[in-house]
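Next come the chains, spelled out residue by residue.
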Amino acid sequence: MQAFLNQKTITAAFILLAVAFPILTQNNYFIYIVTLSFIWMIGVYGLNLLAGYTGYLSLAHAGFFAVGAYSLGILTVKAGINYWAALVLACLITSFIGLLIGLIALRTKEHFFAIYTLCVGYILYLVIYNWESITGGVRGLIGIPAPSNIGPISFQNPLSQYYLVLFFLLFTILMMYRIVHSLSGRTFIAIRNSEELAQTIGISTMKNKLVVLVLSTFFAGLAGALYASFIRFIGPDIGYITITFDLLMYLLVGGIGTLAGPIVGTLLLVWVSQYLQFLQDYRMLIFGPLLTLIIIFYPRGIVGAIYSWKMKLGKKAKRTSDRGKSSGHDKGTGSMAEKKVEEG
Amino acid sequence: MELLVQQLFNGLTVGSVYSLVALGLTLVYGILHIPNFAHGALYMLGGYVTLTMMLLWGLNYWLAIVISILVIGLLGVLMERLVFHPLRKAPPIHDKIAAIGILLFLEALAQLIWGADYRTMSTPYGQVINIFGITFTMQRILINVGAIFVMVMLYLFLKKTFVGSAIIAMSQNREGAHLVGINTNKVAMLTFMISGGLAAIAASLSAPINLVFPGMGHLVVLKAFVIIILGGMGSIPGAIVGGYILGFTESLGATYISNDYKDLIAFLLLVIILSIKPQGLFAKGGH
Amino acid sequence: MFLETKHLTKQFGGLVAVNNVDFSIEKGKINAIIGPNGAGKSTFFNIISGLHPSSSGQVIFKGKDITKLPSNKIAKLGVARTFQTTHLFEQSTVLDNVIVGHRLRTKSNLLDAVLRTKRFWTEEQKCREKAIEVLDFVGLTHAAHKMADSITQEEKKRVAFALALATDPEVVFLDEPAAGINPDETEGLALLMEKMVQKGITVCLIEHKMQMIMKISDKIMVLNHGEKIAEGTPEEIMGNQTVIEAYLGGSVSA
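Residues numbered from 1 in each chain as written. Chains lettered and ligands numbered in written order. Predicted model: local features only at pLDDT ≥ 70, side-chain atom pairs only at ≥ 80, totals over all residues. Heavy atoms only, no water.

## A few points about the environment of C:Met221
Residue and element names in this part refer to chain C. What counts here: Secondary structure elements are defined from DSSP: runs of H or I of at least 4 residues count as helices, runs of E of at least 2 residues count as strands, and each element is numbered from the N terminus. For every residue, the accessible area (1.4 Å probe, protein chains only) is compared with the maximum for its type, and the residue is labelled buried under 20%, exposed over 50%, or partly exposed between those bounds. The contact rule is simple, with two residues in contact once any of their heavy atoms fall within 4.5 Å.
Examined against the element boundaries, Met221 turns out to sit in strand S9 (residues 219-224). Met221 sits in the buried class, given a relative accessible area of 0%. Each C-alpha atom, one on Met221 and one on Arg158, is 25 Å from the other, the two residues being 63 residues apart in sequence. Ignoring sequence-local partners within four residues, the contact set of Met221 consists of Val21, Phe23, Ala32, Ile33, Ile34, Phe44, Lys228, Ala230 and Glu231.

Structure (structure tokens):
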């Protein structure tokens, strides 16, 4: 029970801190950086559901991110559609493209899937780069509007944008929590462990993988769309492979296949990057080997390392105490508590 | 007609380069079942090492290539030892991510050492010759002749030497190879060495007609992946034939369809292939 | 007829892995398939469970042709199977690993999960109860909350049984359940199989451990080079000249 209390407090503390952060710092630059990391986190969560929980490494997520961003940009700038309608449409367009690609890509496995999606990502990039009449080509799109007002609430200043992005991030996390802690989540994990086994226990792997891919691209698209309206300018570079690598790195350092991983990894790396500004384009000199070392020594990242460390402690503690109550009960109340925290 | 012949020749040249890169990729895949995403970085560094040898030490083009082959080959071995060997039993997602880590690192390293500028490599073979009213540059002829020479040498090495046949044996059956006393570790290292060497040759030969820059390996290696899926992952003849097919398709596509979208051809080809055959064109049936 | 194969054939390229096999599984009995290594036993299982398409022939389950069905649909009809090695999610408990086994009998979808509907809660509970029940059945109640990476080889075998049983099967195909465990543990698994039959679940297994097979099976089929060379009761098989020759002449791996 203590572990769950712990988790509950951590979640509550995180939300409180996130809400209070702008008031605490009063520094617009910090607010800007954290808002940006929140946007990345949403994309990383999308990737995590697919690569972490279902075992399919997509290397096309920068492409989907860019599709979300460009959809929003084109719909608002060129078509003049209302911002919120454009935001919803951007997510739907991205998921739809995800669905189309998934129908073919998910017939492939492992290496083929990774290579296939790498190429899909490149195709998306090339199309954005070359389709000048719509995307503005290499010059990109400028003048993307900030989110339009909802009643009296305006999203013109950094502070309100921060809270808007935080809202979407919390929404994403709640969704992820509920998906992962459900029969659907267990189904995805079963597919990751062994697709053959999953199939022989009656799981339609193709259908489930498709659902995951669509969801995953939905969040990539949402992140992209928010990015576009936050930065207000987009160029084809946001669809390039380097962005996929960034997302992957945030995920891996934090912990692939864990719920807290995307937050930890993104915050840490974005923060570290700020201190490595002098390195600029050379930051990969540090992050490249870091990524490789992490995958060799800590395949489940920081969060995974903490888990296994706790597990060892737990085992020691267990030997001394009696065997706990039914953990089924624990889990039920645990997730109830979590639900309350996240909705409150 | 002249245009067509010219384009076919261009296709042959581009195809030669693709084949060499794809060969290195397919060899490594055959032995270790790793799609080495860092292969593009080896290619790129191959170009830079040759360039540096020529500019800094004023070395002869050929000597510079030899040094480049050695340096990049050793780098390949180092990669195998430090990264892929420790990960050989890890889940399949891990080695791919590790390879990406290496790729990022090597690219940043190249940018640190040589800067982000596009460099040109001069060649002693800049002459233009005219055959039947069609112009060829010597360098392009050299690429074709050089690539075919390397492929023949590789073929002889794999077929006629003991070490070469060990590589073939291991790519067919790793456990079996181990059982008959082949040192699988040594073979893996050697394969990475050859793979790196091939990348260095490809880059050094093609650099004078292209440019040398940190991102030069991206597209080439992506296309090499398309090629080895086209030709069958791990298949050596497949990599060669696939390379030339893609080379021809691209240069004809660029002329008769669209130059802007010529890079898309390879990927569309892949999308079509995998849509029809999810395991690649030459997948073995069942398990 | 409960479950039968008619002229079942599987070719890989030029190789015939399973050749024209007619076999019927008797309901409520322990059926065994034996044969030297490479005789096509696992391939036979893979075709029945829908993992590999057959080249020709049919699989009929309770009068229904299931040859072309995907494996998940076959599982839903009540045909479960285990593998020689079971990949468990090691960072999770045994119970958590088994819960998903009952997923095929539930209807809740992603929307239920996200909205935490009533159906979500009842079905979560249903799957959890099922997992507890089957873990109890295979004798793993004590290990339910252990991490999957900390259990013994024999316990892993039992988890594989539990996972198959959680699907509410009518027939279970067990691929070498006793491989890699000691004679005492083998004895225990044999008892478990008999217990499954008593509960009304038909068992069909591939096994190399002859002593166990001869003791527990009601019916045995012998495969060699993909062909059925004999079929009958343990006594009949033991006295069959072709079988003895196949084992002595082929690789003596059994």
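Now that the structure has been shown, we can carry on.
## Overview of the sheet that holds strand S1 (residues 3-12) of chain C
All names here are of chain C. Filter applied, for reference: Any two strands with at least two DSSP bridges between them are considered paired. For helices, the fitted axis covers only the stretch in contact; all axes are lines through C-alpha atoms, and the angles between them, taken along N-to-C directions, range from 0 to 180 degrees.
Overall, antiparallel pairing links the 4 strands, which are arranged S2-S1-S4-S5 in an open sheet. In this open sheet, the two strands that pair with only one neighbour each are strand S2 (15-25) and strand S5 (64-65). Relative to S5, strand S4 (residues 56-61) is paired through 2 bridges, and the arrangement is antiparallel. When the bridges of S5 are listed, Phe61 appears paired with Lys64. Of the strands in this sheet, S1, S2 and S4 touch helix H1 (residues 41-48), which is tilted by about 115° from S1.

## Notes on the pairing of strand S3 (residues 30-34) of chain C
Residues and elements named next belong to chain C. For S3, a buried count of 5 out of 5 residues is recorded, marking the element as mostly surrounded by other parts of the structure. Of the two faces of S3, both are covered, the one formed by Ile30, Ala32 and Ile34 as well as the one formed by Asn31 and Ile33. As defined by bridge partners, S3 adjoins S9 across 4 bridges and the pair is classed as parallel. Looking at S9, one finds that Ala32 is bridged to Ile220.

## Here's the deal with the domain arrangement of chain C
Residue and element names in this part refer to chain C. Put simply, the test is: For the domains described, the bounds stem from an automatic or database domain assignment. Buried area: the sum, over both parts, of the accessible surface (1.4 Å probe) that disappears when the two are put together. Here a salt bridge means any side-chain nitrogen of Lys or Arg lying within 4 Å of a carboxyl oxygen belonging to Asp or Glu. By the criterion applied in these results, polar contacts are pairs of N or O atoms within 3.5 Å in which, for protein atoms, one can donate a hydrogen and the other can accept it, and in which residues neighboring in sequence qualify only through two side-chain atoms.
Entries for chain C in the domain assignment read domain 1 (1-78 + 169-254) and domain 2 (89-168). Its C-alpha centre places domain 1 at a distance of 27 Å from the equivalent point of domain 2. Each partner contributes residues to the interface: domain 1 has 21 residues there, and domain 2 has 15 residues. For the pair domain 1 and domain 2, the two sides together bury roughly 1500 Å², of which 70% comes from carbon and sulfur. When the area that domain 1 buries against domain 2 is broken down by residue, the three leading residues are Lys76, Pro169 and Leu192, summing to 33%. Here domain 1 is connected to domain 2 by 0 salt bridges. Taken together, domain 1 and domain 2 are joined by 3 residue pairs in polar contact (both at pLDDT 80 or more). For the side of domain 1 that touches domain 2, the elements supplying multiple residues, two or more each, are helix H2 (71-77), strand S7 (171-175) and helix H7 (183-198). The element best represented in the side of domain 1 that touches domain 2 is H7, accounting for 7 residues.

## Considering the interface of chain A and chain C
Cut-off, in case you're wondering: Residues are grouped as follows: Ala, Val, Leu, Ile, Met, Phe, Trp, Tyr, Cys and Pro are nonpolar; Asp, Glu, Lys and Arg are charged; every other residue, Gly included, is polar.
Tallying the contact residues gives 35 residues for chain A and 37 residues for chain C. Here chain A and chain C share an interface that buries about 3200 Å² over both sides, 63% of which is from carbon and sulfur atoms. The tally of links from chain A across to chain C stands at 1 salt bridge. One salt bridge in this structure joins A:Arg186 and C:Asp96, with 2.9 Å as the shortest N-O distance. Viewed at the interface, chain C and chain A are joined by 8 residue pairs in polar contact (both at pLDDT 80 or more). Elements with a minimum of two residues in the side of chain A that touches chain C: helix H7 (158-180), helix H8 (183-193), helix H9 (195-200), helix H10 (205-231), helix H14 (301-320) and helix H15 (327-343) of chain A. With 9 residues, the top contributor of residues to the side of chain A that touches chain C is H8(A). Split by residue class, the side of chain A that touches chain C holds 14 nonpolar, 13 polar and 8 charged.

## A short note on the sheet that holds strand S8 (residues 202-206) of chain C
Residue and element names in this part refer to chain C. In space, the 6 strands of this open sheet follow the order S6-S7-S8-S3-S9-S10, with mixed pairing throughout. Whereas interior strands pair on both sides, the edge strands pair on one side only; in this sheet they are strand S6 (79-81) and strand S10 (227-232). Shown here is a sheet whose adjacent strand axes are inclined to one another by a mean of 20°, direction ignored. Here H7 sits on the sheet and contacts S3, S7 and S8; the angle it forms with S8, its principal contact strand, is near 150°.

## Considerations on the pairing of strand S2 (residues 134-137) of chain B
The alternating pattern of S2(B) places B:Ile134 and B:Phe136 on a buried face and B:Thr135 and B:Thr137 on a face that is not buried. Hairpin connection, strand S1 (residues 128-131) of chain B to S2(B): the antiparallel pair is bridged by 2 residues, and B:Phe132 has positive phi, about 50°.

## Section: the packing of helix H11 (residues 241-254) of chain A against helix H12 (residues 261-275) of chain A
All names here are of chain A. Basically, it comes down to this: Roughly parallel means an angle under 35 degrees; roughly antiparallel means over 145; roughly perpendicular covers 65 to 115; every other angle is labelled oblique. By convention the crossing between two helices is left-handed if the near helix lies anticlockwise of the far one by an angle smaller than a right angle, and right-handed if it lies clockwise.
As a packed pair, H11 and H12 sit with axes 7 Å apart at the nearest point and diverge in direction by 115°. By the angle between their axes, H11 is roughly perpendicular relative to H12. For the crossing formed where H11 meets H12, the hand is right-handed. Across the interface between the two elements, Met249, Tyr250, Leu251, Val253 and Gly254 of H11 pack against Gly261, Pro262, Val264, Gly265, Thr266, Leu268, Leu269 and Val270 of H12. Considering only residue class, the contact of H11 with H12 consists of 9 nonpolar, 4 polar and no charged.

## Observations regarding the interface of chain A and chain B
With 37 residues of chain A at the contact, the number on the chain B side is 45 residues. Buried surface at the junction of chain A and chain B, summed over both partners, amounts to about 3900 Å²; 80% is from carbon and sulfur atoms. Per-residue buried area on chain A facing chain B is highest for A:His111, A:Phe112 and A:Ile115; these three make up 17% of the total on that side. At the boundary of chain A and chain B, one finds 0 salt bridges. Counting every contact that joins chain A to chain B gives 4 residue pairs in polar contact (both at pLDDT 80 or more). Only helix H5 (110-130), H11 and helix H13 (284-297) of chain A provide two or more residues apiece to the side of chain A that touches chain B. Top contributing element to the side of chain A that touches chain B by residue count: H5(A), with 13 residues. Among the residues forming the side of chain A that touches chain B, the class breakdown is 28 nonpolar, 6 polar and 3 charged.

## Quick look at the pattern of salt bridges
Residues and elements named next belong to chain C. Counting across every chain of the model gives 16 salt bridges over all chains. A salt bridge links Arg81 to Asp175, with the nearest nitrogen and oxygen atoms 3.6 Å apart. Here Arg81, found in strand S6, pairs with Asp175, found in strand S7; they are 94 residues apart in sequence, far enough to count as distant. A single burial state applies to Arg81 and to Asp175, both of which are buried. A salt bridge links Lys130 to Asp168; its shortest N-O distance comes to 2.5 Å. Placement of the pair is Lys130 in helix H5 (residues 118-137) and Asp168 in the loop between helix H6 (153-165) and S7, with a sequence separation of 38 residues.

## A short note on the environment of B:Pro278
As for its position among the elements, B:Pro278 is in the segment after helix H11 (262-276). Since its relative accessible area comes to 16%, B:Pro278 is described here as buried. On a C-alpha basis, the gap between B:Pro278 and B:Ile229 in space is 9.9 Å, while along the polypeptide they are 49 residues apart. If near-sequence neighbours (up to four positions away) are discounted, B:Pro278 is found in contact with A:Arg107, A:Thr108 and A:Phe112.

## Notes on empty space enclosed by the protein
Quick reminder of the rule: Whether a set of points on the 1 Å grid over the protein atoms alone is a cavity depends on a 1.4 Å probe fitting there but being unable to get out, while an open set qualifies as a pocket with protein on both sides within 12 Å along at least five of seven lines; lining residues are those with an atom within 4 Å of a point. Grid points are joined across faces, edges and corners, and a volume is the space filled by probe spheres set on the points.
According to the stated counting rule, one finds 2 cavities of 30 Å³ or more in the structure shown. Of the pockets and cavities examined, the largest cavity occupies roughly 100 Å³. In terms of lining residues, the largest cavity is bounded by A:Leu118, A:Ile241, A:Phe245, B:Phe37, B:Gly40, B:Leu103, B:Gly217, B:His218, B:Val221 and B:Leu222. Within the residue set of the lining of the largest cavity, elements represented by two or more residues are H11 of chain A together with helix H9 (217-231) of chain B. Examining the composition of the lining of the largest cavity, we find that 4 residues originate from one element, H9(B), more than from any other. A class-by-class count of the residues in the lining of the largest cavity yields 7 nonpolar, 3 polar and no charged. Taken together, A:Tyr83, A:Pro147, A:Gln161, A:Leu164, A:Val165, A:Leu226, A:Ser229 and A:Phe230 form the lining of the second largest cavity. Of all the elements in the fold, those that place two or more residues in the lining of the second largest cavity are H7 and H10 of chain A.

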